[in-house]
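Summary of structural features
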Amino acid sequence: MNPVYQKLEMCYQSIRERIPYKPEVALVLGSGLGAFADGLVQDAVIEYNEIKGFPVSTVYGHKGRFVFAHVGDVPVVIMQGRVHYYEGYSITDVVLPIRLMWQMGAKKLFLTNASGGINGRFQAGDFMLITDHISCFAPNPLIGQNIDELGPRFPDMSKVYAPSLNRCIRAEAGRLGISLEEGIYVQLTGPSYETPAEIRMLKALGADAVGMSTVCEAIAGNHMGMQVCGISCITNLAAGISQNPLSHSEVKETADRVAPMFQRLVYASIQAMGR
Ligand code: HPA
């Protein structure tokens, strides 16, 4: 068996009896946004370090666990803390949790992240609906022998972010009076932030926001036929657009500041996706 698939199966087998129900939506919480899961009635929790073979996150402030909870009537599995490529894991390990949530039964994938704003209209604290992405600066998670059980060798990526889910998010933002930007997200590997020259390049390529996650997860989700959507919290202006040096504490501060509004939007959007 393909070793990547073998590892996924090992993880799944080690927790399958603890999965309380088939989740409909898989939600990934980005840096500083993890508190969403704390505000819900939790039906079950599985710590990443209890899963045999699972890549365990090391970044300060990132929790590492799956939380099972209902958002309204919708059963959801939530990743409170994700795995980043810059931590030193292989890119297939980075997307393993996404594949695991698909194995649990989730067919919709809701990605969130903190990012730097490239688009000149954006301000720190804005939310951006991800309408498309640029993946070519981080390794593709589908490299290697294709896992036919998951999806095809050459998956189409012309509509990664599902228009039907985007419509739910837009409608709920409008209803809640939360302003929602839209744009293209680019993933770099990190962990260093970008230089101003890199940001000018990314802008010329058409990117609106930059970060260190999400795209590889969206690719893995799309490969398996999941409906994918994503919201980026613009926590800072990207290097060179802001005159200040970038820092993780600024990212966290902004994410904390807008977290209540972010949580309302995510909650309402998931409820709408279940209707
Ligand atoms: N660049 C990359 N990743 C980020 C940023 C940024 O400016 N802000 C939050 N995550």
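Residues numbered from 1 in each chain as written. Predicted model: local features only at pLDDT ≥ 70, side-chain atom pairs only at ≥ 80, totals over all residues. Heavy atoms only, no water.

Describing the packing of aromatic side chains
- Applying the stated criterion across every chain, the model contains 6 aromatic pairs.
- Centre to centre, the rings of Tyr48 and Phe66 are 5.2 Å apart; their planes meet at 75°, and the pair counts as edge-to-face. Placement of the pair is Tyr48 in the loop between β2 (42-47) and β3 (65-71) and Phe66 in strand β3, with a sequence separation of 18 residues.
- Its relative accessible area of 1% is what places Tyr48 among the buried residues.
- Among the aromatic residues, ring-to-ring pairing joins Tyr48, Phe54 and Phe66 into one connected group. (Phe/Tyr/Trp six-rings, centres within 6.5 Å; stacked < 30°, edge-to-face > 60°. Helix = DSSP H or I, 4+ residues; strand = E, 2+ residues; numbered from the N terminus. Buried < 20%, exposed > 50% of the residue type's maximum accessible area, 1.4 Å probe, protein only.)

A short note on the environment of Asp156
- Within the secondary structure, Asp156 is located in the loop between β6 (127-134) and α3 (163-176).
- The class of Asp156 is exposed, set by a relative accessible area of 54%.
- C-alpha of Asp156 to C-alpha of His223: the two residues are 67 residues apart in sequence and 8.1 Å apart in space.
- A distance of 2.7 Å separates the side chain of Asp156 from the side chain of Ser158, its partner in a polar contact. (Polar contact = N/O pair within 3.5 Å; in protein donor to acceptor, adjacent residues only side chain to side chain.)

Some words on the site of the ligand
- In the vicinity of the ligand, the residues found are Ala114, Ser115, Gly116, Tyr193, Glu194, Val210, Gly211, Met212, Thr235, Asn236, Leu246 and Val251.
- Contact distances for the ligand include 2.7 Å between a nitrogen atom and a side-chain N or O atom of Asn236.
- In the complex, 95% of the free accessible area of the ligand, which totals 260 Å², lies under the protein chains.
- More than half of the atoms of the ligand fall within 2 Å of the grid points belonging to the largest pocket.
- For the shell around the ligand, the elements supplying multiple residues, two or more each, are β5 (108-117), β8 (209-211) and β9 (227-237). (Near = heavy atom within 4 Å. Areas by Shrake-Rupley, 256 points an atom, 1.4 Å probe, with all protein chains shown as cover. 1 Å grid on protein atoms, 1.4 Å probe; cavity = no way out; pocket = protein on both sides within 12 Å on 5 of 7 lines; lining within 4 Å. Sits in = over half its atoms within 2 Å of the grid points.)

Considering the layout of surface pockets
- A volume near 340 Å³ is recorded for the largest pocket.
- In terms of lining residues, the largest pocket is bounded by 23 residues, among which Ser31, Ala114, Tyr193, Met212 and Val251 are the most central.
- Looking at the lining of the largest pocket, the elements with two or more residues in it are β5, β8, β9 and α6 (248-273).
- Residue contributions to the lining of the largest pocket peak at 4 residues, all from β5.
- When grouped by side-chain class, the residues that make up the lining of the largest pocket number 9 nonpolar, 12 polar and 2 charged. (Points joined across faces, edges and corners; volume = space filled by probe spheres on them. Nonpolar A, V, L, I, M, F, W, Y, C, P; charged D, E, K, R; others polar.)

Regarding helix α1 (residues 3-15)
- Across its 13 residues, α1 extends 19 Å between first and last C-alpha, which sits within 8% of the 18 Å expected from 1.5 Å per residue.
- Listed as buried for α1 are Tyr5, Leu8, Cys11, Tyr12 and Ile15. Looking down the long axis of α1, one finds its buried residues gathered within 120° of arc, a one-sided arrangement.
- Here the buried face of α1 lies against β2 and α2 (91-104).
- The N-cap residue of α1 is Asn2: its side-chain oxygen and the backbone nitrogen of Val4 are 2.8 Å apart. (Expected span 1.5 Å × (residues − 1). Arc of directions from axis to C-beta. Contact = heavy atoms within 4.5 Å.)

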